[in-house]
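Architecture at a glance
Spelled out from the first residue to the last, the chains are:
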2 protein chains.
Amino acid sequence: MDFVLVSIFLGALAVLYGWLTSMQVLRSSAGNEKMQEIAAAIQEGAQAYLKRQYTTIAIVGVVVAILVGWFLGPISATGFVIGAILSGVAGFIGMNISVRSNVRTAQAASTGLQEGLTMAFRAGAITGMLVAGLALLAIAVFFWVLVNSLGYEANSRTVVDALVALAFGASLISIFARLGGGIFTKAADVGADLVGKVEAGIPEDDPRNPAVIADNVGDNVGDCAGMAADLFETYVVTVGATMVLTALLLKGLGDLLMPMMSLPLLIGGACILTSIIGTYFVRLGGGKNVMGAMYKGFLVTAVLSIPLIWLCIDQAIGLDTEITRSLADVGAGESVAEEGMAEQVVTFTGMDLFWCSLLGLIITGLIIWITEYYTGTNYRPVRSIAKSSETGHGTNVIQGLAISMEATALPTLVIVAGIVIAYQLAGLIGIAYSATAMLALAGMVVALDAYGPVTDNAGGIAEMAGLDDSVREKTDLLDAVGNTTKAVTKGYAIGSAGLAALVLFAAYTTDLGEFFPNLDVDFSLENPYVIVGLLLGALLPYLFGSMGMTAVGRAAGDVVIDVRDQFKNNPGIMTYETKPDYARTVDLVTKAAIKEMIIPSMLPVLAPIVVYFAIAAIAGQANGFAALGALLLGVIVGGLFVALSMTAGGGAWDNAKKYIEDGNHGGKGSEAHKAAVTGDTVGDPYKDTAGPAVNPMIKITNIVALLLLAALAGGHAV
Amino acid sequence: MDFVLVSIFLGALAVLYGWLTSMQVLRSSAGNEKMQEIAAAIQEGAQAYLKRQYTTIAIVGVVVAILVGWFLGPISATGFVIGAILSGVAGFIGMNISVRSNVRTAQAASTGLQEGLTMAFRAGAITGMLVAGLALLAIAVFFWVLVNSLGYEANSRTVVDALVALAFGASLISIFARLGGGIFTKAADVGADLVGKVEAGIPEDDPRNPAVIADNVGDNVGDCAGMAADLFETYVVTVGATMVLTALLLKGLGDLLMPMMSLPLLIGGACILTSIIGTYFVRLGGGKNVMGAMYKGFLVTAVLSIPLIWLCIDQAIGLDTEITRSLADVGAGESVAEEGMAEQVVTFTGMDLFWCSLLGLIITGLIIWITEYYTGTNYRPVRSIAKSSETGHGTNVIQGLAISMEATALPTLVIVAGIVIAYQLAGLIGIAYSATAMLALAGMVVALDAYGPVTDNAGGIAEMAGLDDSVREKTDLLDAVGNTTKAVTKGYAIGSAGLAALVLFAAYTTDLGEFFPNLDVDFSLENPYVIVGLLLGALLPYLFGSMGMTAVGRAAGDVVIDVRDQFKNNPGIMTYETKPDYARTVDLVTKAAIKEMIIPSMLPVLAPIVVYFAIAAIAGQANGFAALGALLLGVIVGGLFVALSMTAGGGAWDNAKKYIEDGNHGGKGSEAHKAAVTGDTVGDPYKDTAGPAVNPMIKITNIVALLLLAALAGGHAV
C-alpha cells in the first residue's frame, strides 16, 4: 500500500470536511440588515488588510524565491513557493470563514447557547481542518511528486532540500502574518480602548468608536489568519523535519525507507480523521460548561488517535521491527566524540515509536491543562492578579509579571521530561515522533482556537447592532473560554517548537557532517564560540519582542490620534447623529501594521547569516558553524521562556479583568477594575503580538541555517 | 618580592581609607534635634533588620558550614566561614556608614550643593573601599596563610577547594542580603506609596505615613547593605575563579606559579590605589552636573589603572614572558575532541594579559555608558516611556517593558565581543583577566552606587524634618543621578558575571577531568541532556524572579493593611496630633522580608544537586555531569537577559517619572504622571529585588556545582 497516497486521501478529506461545513455555515441566517451591514464592514476591512499584507509579502517572497532558486535550484524554489502560497491560503480561508460566521454566531446565539456554540465551533473547525489538511497535502503531494513522478530517491539531497525549502516558505509567510496581524489587532484594540473606554467613557464595542470596526477586523486578521498561518507553519516544519531527520540519520533502511519516510504523514492523516470525529463531540450536554464541551471534543480526538497511531505504525513498518542505526555507519555526520564510540548503536522498534507518539499526545494534554491552570478564572494565578488589582495598577502589573514568569516552569519541566523519555526510547527520532504526534492534533487544537475570534466578533456585532442583552450574555459566555483556548494554542505551538528545534538542530549537525566531512566543528560548551552563539541566539527573542511591543505602542498611538481627531471634527458621532469613518481607521492601522512588521521579521532571517560570517571571519569556518549551531539552540532556550511567559501572562491578565467584571473585587467600574484594565492592556501585545510570533521566529532561524549550509556547500557561497 | 603581601598591604590601605574617612564623616554636624531623631529611627530600624537577617542567615550558614566541613574538610569550611562573615561585615559597615551620613548629607546640603555631594560621596566611597578592600584581604590573607603558613602548594587541590569554599560563603550570604534587603526595601517603598500617595493623598516622605521610616530603612538595608554584600561576592568569586583557573589549567609553570597565582590579587590591589585617588576627583567644578562629577572620578580611576596594571604584569611575570599551555599535557580535563588535537597549544604573553585587562576596563566603561543611555533622562529610551505615559498606565508599562527588553542587546553584544577578543588573545585565562580587571574597579563603582541611598535618605530626612525647600531641591538634584548609578552597578555586576560564569564553567570541566579521568562526559550540544540542562538552567532565573516579585507584592500588601489600620485607629496621625507607630511597620516588613527570602535563596543551592542526581539516575553519571554543566551555562544565558532587562527597565521607569516631575508631559499631578507612577511601581521590584539578586544566584549555582564535584570525588558521595 502506498502510505503517501493514503495520507493524501486523508488530507483531502480534511479539505472536503472544510468545504462541506462551510457550505452549512453559509446557508444559515446572517441576521438582520444592521447586523449584515456591520459584518460587511468587518469583512471589507479584513480583506483590504490581507490584500495589502499579501502584496507586501509577495514582494519579499519573490526576492527570496529567486535567492532560493539561485542557490539551491528550481525544485527547492518550487517547494518554497508552495509552502508560502499554501500558508497564505490557510490564513486567507480561515479569515474568510471567520468574518462570515461571526454574524451568524450572533444570530444563532439569539436562539440558544448550544446553537451559538455549534455555529462558532463549526467555523473554528473549518479553519482547523483546512490548516491541518492543507499542511499535510503540501508535504505529501510534493513528496509524492518528487519521488514517484520525478524519480528522486526518498532520502536524496534533492528531496531533503526541497522539504526544508517548503518549510521555509511556510515559516516566512507565517512570521509576517503573525506579526503583521498581531500588530494590527493589538494596535486597534489598545487604541480603541484608550480613547473609547478611558477618554470618551463609552463602553467596549460601542458603534460610536471609530476604531471599533478596526478592532473587530483585528480579531480576524490576527487571531484567525495569523494564527492559522502560524500553525500551518508549525505543522509543516515539524512533520517535514521528522522526514528530513529520517532521511539524514537512518541510512541503509532498504525496504523500510519509503514506509519510514511516509509514516509521519500517515500519522498526520490518521489524526485528521480523529479530529473530524472529535468535532462532533463538542456539545454542552445541557449545562453551561463551554470549556467542558471543548475538552470533550479534544479528549475524543486524543483517545481515538492512540489506537489509530498504533495501527499506522503496525501497518507501515511493523511494531516489532527493529531499526538499528549504527553510529559508526554515519560517522561523517557525527561529532568526533561519537566517532570514538564506533561500536555504539541506537536501536528502536516500531513499538518504541508508538510510545514516543503517545508521549507527544500526553505532552499536548499536559500543556493544555497547565495553560488552563495559569489562564483560567478558577485557579490561583488569575485570582491572585485579580486580588492584587485592589491595591492599584502597579501591583496588578507586578503580580501579572510574576505569574507570567512562573508560568514557564511547568511547561518547561514537561518538555524536558518529554525530551528525556523520548530520547531514552528511540533517540532523536523518538523526539521527532513525539513532536509529530503533538502536531498531528493540530486540526482539533486550531479548531478550539479559531472559535475564539468568531465569538469575540459575534459579541461585538450583537452590541453594535443593539441586539437584546441576553444575546450578548450568551456570546460573553462563549467568549469567556476564548482567552484560555487562545493561550492553549500558543503554549502548544511553542512547546512543540521546543522539541522541533532539537530535531532541526540534529538536521543541522548531520548536514554539516555531510557537506563538510573534513571540518572539525566543536559543538562542546567548552568552546567559547558556542557560548557566544548561545548568548546571541537568546538575545534574538528579546530584541524581537521589544520591536513587536514598540510597534504596537506606536501604531496604537496613531489610532488614538485618529480617533481623537474624528471625535473633534465630527461632534455628531457622540450623539449618534453621524457615523464615524470606520474605513479611515482601518486603513490607518493597516498601513502602520504592514510598515512595522518588516524589520522584526527580517531579524531571524539575517541573524544566522551575519553571525556565521562574522565568527567565521574572526575564528575560522569551523567556529563559525559552531557559533551558528549554538545560535539555533540559544534562540529556543531564550525564546521558549519569552514566548511562554508572554502568552500565559497575557491570558491571565485578560481573564483577571474578566473575573473582576464577573462581580469580584468590586466588579465593573471599581478601582480594581481600572487596574485590571491596565493589566489587560499590557497583556495584549504580550499575548497576541510579540509572544506568539516567537514560535515562527525560532523556526526561521533554524531553517535559514539549514539553507545557508546547503548554499555554502553548493559552491555558490557568497 | 612577595606580591601577595603587597596586595594585602593595598587591601589594608583601603580599609584604612575607609576608617579615616568615616571618622571625618562622623565628625561633621548631624543637624538639628529633629533631624537626629529621624535619623536615629532609621538607624534603629536598619540595625534591627540586619540583626534579624544575620541571625537567620547564621542558622543556614552553620548548617552549610558543617556540610562543607564534612564533605571537603576543615580548611574549606574555614574558607566558607571567612567568606560568609566578611560578606556580612561589608554589608553591615556599609549600612552603618550610610545611616549616619544621610542626616549629615541633609545638613551639608543646607550649606551648598558641593558640600552635600562631598558628604554623600564620601559615605559611598567608604562603603566602596571597604567592599573592595575586605574582599581583596579575604582572598589574599587566606591564600597567604594556606601557602606560607600551612605550606600547601599554590595550585594544590586544598587551595583550590578552599578558594571555591570562600567564594561560596560570600555568595550564599550575598543572595540572602540582596533578596532579603530587596524585598524589604521594595515592600516598604511600594506599600508606602500605595497607601500614602495614592490612597491618603499625602506626599512622598511625609512624616504622617507610618511606612515612611521603613521606606528609608529599606534604602539602607537593600540598596546599601544588600548591594555591598553582592559586590563583595562578585569580587571574591571573580578574582578567586581566576586564581582557581590558573591553578587548574596552567600546569608546569615552575617559578612562574606563585607570580601567576598572585597577579589577580596584585591587579586588585593596584586598582584600589587608583580608586582612592579617583574619589578626590569627584567634584562639581562650579556647575550642577552631578553625573559629570561622578564620571570625572571614574575616568581618573580607569585611566590611572592602565599603566599600573601594565606595571603589575611587568613586575610579576614580565610582559614578554610566554606562557604555553599544551592541551596534550592536561588532556584529562579536556573533551575527547580536544584530545584529538594533541599538538595544539595555547600560548600567551604577559602583554596579552595586559590587553585582556585593558579590555575589561573598556567593557566596564561601555556598560556604564550604555546603562546611562537606557536610564538617563536625556535620551530616547526614558523619554519614550515618559511620552507613552500620556496615553495611560497601560502604554507606559508596554513601552517600559519594550525598553527593558531592548536594553539587553548592547550589553550582550559588548560581552560577546569581550569574550571573542579575550579568547583570541589568551584563551580562557584571557577572559578571566578581563573579568578580574572589571572587578578591580569595584571600589569606585560601589562608591558611585552607595552614594545613592545616602542622598535618597537625606532628601527624606529634609522633608520629614521640615527643612527649607532649597535643601530638598539640592538633595533631589543629588539624588537624580542615583537611579542611573544604581543601574550601572547592577549592569556591571551582571556583565562581569557573564564573563565569570565562563571561567567557572571552565573550572567545572577541568575539575571533572581531574576527578573523574575515566568518565567520558559529552558536553556537545548534540547531547540531549545538554539541552535539558540548558533549559532547566534558563528556567531558574525566571522562577527566581517570579518568587522575588511575588514576595514584594505580598509583603507590600501587608504594609498597606498595617498603614490603613494605623490611619483608622489613630485618626490623630493625619492631623499631626499623634505620631504613627513607625517601629511597628518596620518590624512587620522585617519579618515579611526574612520569611520571603528563604525559599528563593535555596533554589540555586538545590537545583544543581537535584538535576545532577535526577539525570544521573536516568541516563548515567556522565550525562548527569553533562546536564549539570549545561545547567551552569543555561542559568547565565537565561539570567543575563532577565537581570539586564529588569535592572535597566526599572531604572528607565523610575527616571521617566522623574522626567515628568521635572515639568514635562504635564508635570506632577497630571494623568501622565499617574501613569508614570504606575511604571515606577512596577519597576521597583524589577530593579531592586528580582533583577540584582540574579547575579549572586548565577554564581551560587556554579559554585555549588564545583563543590558537588569535589564532594562526589571525595568519596563521601551521598
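Residues numbered from 1 in each chain as written. Chains lettered and ligands numbered in written order. Predicted model: local features only at pLDDT ≥ 70, side-chain atom pairs only at ≥ 80, totals over all residues. Heavy atoms only, no water.

Another point: the nonpolar core. Ranked by internal contacts, the top residues of the largest apolar core, which has 572 residues, are Tyr508 of chain A together with Tyr508 of chain B. Setting aside residues no more than four positions away along its own chain, tyrosine 508 of chain B makes contact with Phe523, Phe625, Leu628, Gly629, Leu632, Ala705, Leu706 and Leu709 of chain B. (Core = buried A, V, L, I, M, F, W, Y, C linked by side-chain atoms within 4.5 Å. Buried < 20%, exposed > 50% of the residue type's maximum accessible area, 1.4 Å probe, protein only. Contact = heavy atoms within 4.5 Å.)

Taken together, the 71 residues of chain B in the interface contact 70 residues of chain A. Carbon and sulfur atoms supply 80% of the area buried between chain B and chain A, which totals about 6,500 Å² over both sides. Counting the surface chain B buries against chain A, the share from its top three residues, Met405, Glu526 and Tyr542 of chain B, is 12%. Remark: the boundary between chain B and chain A carries zero salt bridges. For the pair chain B and chain A, the interface holds seven residue pairs in polar contact (both at pLDDT 80 or more). Among the elements of the structure, α5 (157-200), α12 (393-406), α13 (409-440), α16 (482-515), α17 (528-569), α18 (582-619), α19 (621-661) and α20 (671-713) of chain B are those that each provide at least two residues to the side of chain B that touches chain A. Among the elements that line the side of chain B that touches chain A, the one with the most residues is α17 of chain B, at 19 residues. (Buried area = accessible area lost by both parts, 1.4 Å probe. Salt bridge = Lys/Arg side-chain N within 4 Å of Asp/Glu carboxyl O. Polar contact = N/O pair within 3.5 Å; in protein donor to acceptor, adjacent residues only side chain to side chain. Helix = DSSP H or I, 4+ residues; strand = E, 2+ residues; numbered from the N terminus.)

Turning to the relation of the copies chain B and chain A, a few remarks are in order. When chain B is fitted onto chain A, the two copies agree to an RMSD of 0.0 Å after a turn of 180 degrees and an axial shift of 0.0 Å. Overall, the copies show the geometry of a two-fold rotation axis. The rotation axis passes nearest to the C-alpha of serine 524 of chain B in chain B, at a distance of 2.0 Å. (Least-squares fit on C-alpha atoms with pLDDT ≥ 70 in both.)

Moving on to unusual backbone geometry. All names here are of chain B. Positive phi is not limited to glycine here, since tyrosine 576 has a value of about 65 degrees. Relative to the elements of secondary structure, tyrosine 576 occurs in the loop between α17 and α18. On the basis of relative accessible area, tyrosine 576 is assigned to the exposed category, the value being 55%. Backbone geometry places histidine 665, a non-glycine residue, at a positive phi of 50 degrees. Note on placement: histidine 665 falls in the loop between α19 and α20. Overall, histidine 665 belongs to the partly exposed group, its relative accessible area being 27%.

Spanning 14 residues, helix α12 (residues 393-406) of chain A covers 20 Å between terminal C-alpha atoms, matching the ideal 20 Å at 1.5 Å per step. In terms of burial, α12 of chain A is a largely internal element, 14 of the 14 residues being buried. (Expected span 1.5 Å × (residues − 1).)

Residues and elements named next belong to chain A. UniProt feature "site: Determinant of potassium independence" (unreviewed entry): in the numbering of this structure it lies at Lys486. With respect to the helices, strands and loops of the structure, lysine 486 is situated in helix α16 (residues 482-515). In this structure lysine 486 touches Asp223, Asp449, Lys687 and Asp688, once residues within four positions along its chain are discounted. (UniProt positions renumbered as here; feature names shortened; annotations may be inferred.)

Next up on the list: empty space enclosed by the protein. As enumerated under the stated definition, the model contains 16 cavities of 30 Å³ or more in all. Counted as a void, the largest cavity has a volume near 190 Å³. Listed by contribution, the elements that provide at least two residues to the lining of the largest cavity are α12 and α19 (621-661) of chain A together with α12 and α19 of chain B. Within the lining of the largest cavity, the residues separate by chemical class into twelve nonpolar, four polar and no charged. (1 Å grid on protein atoms, 1.4 Å probe; cavity = no way out; pocket = protein on both sides within 12 Å on 5 of 7 lines; lining within 4 Å. Points joined across faces, edges and corners; volume = space filled by probe spheres on them. Nonpolar A, V, L, I, M, F, W, Y, C, P; charged D, E, K, R; others polar.)

Here the focus is the side chain of threonine 349 of chain B. Tracing the backbone shows threonine 349 of chain B in strand β2 (residues 345-349). When sequence neighbours within four positions are dropped, the list of residues in contact with threonine 349 of chain B reads Leu319, Asp320, Thr321 and Glu322 of chain B.

All names here are of chain A. Between its first and last C-alpha atoms helix α15 (residues 469-480) spans 16 Å; for twelve residues at 1.5 Å apiece the expected length is 16 Å, and the two agree. Looking at α15, one finds that the buried residues are Val471, Thr475, Leu478 and Asp479. On an axial view of α15, the arc spanned by its buried residues comes to 95 degrees, and they lie on one face. For α15, exposure combined with an orientation more than 90 degrees from the buried face picks out Asp469 and Glu473. As for α15, its buried residues are in contact with α3 (74-109), α4 (113-149), α8 (290-316), α14 (442-464), α16 and α19. (Arc of directions from axis to C-beta.)

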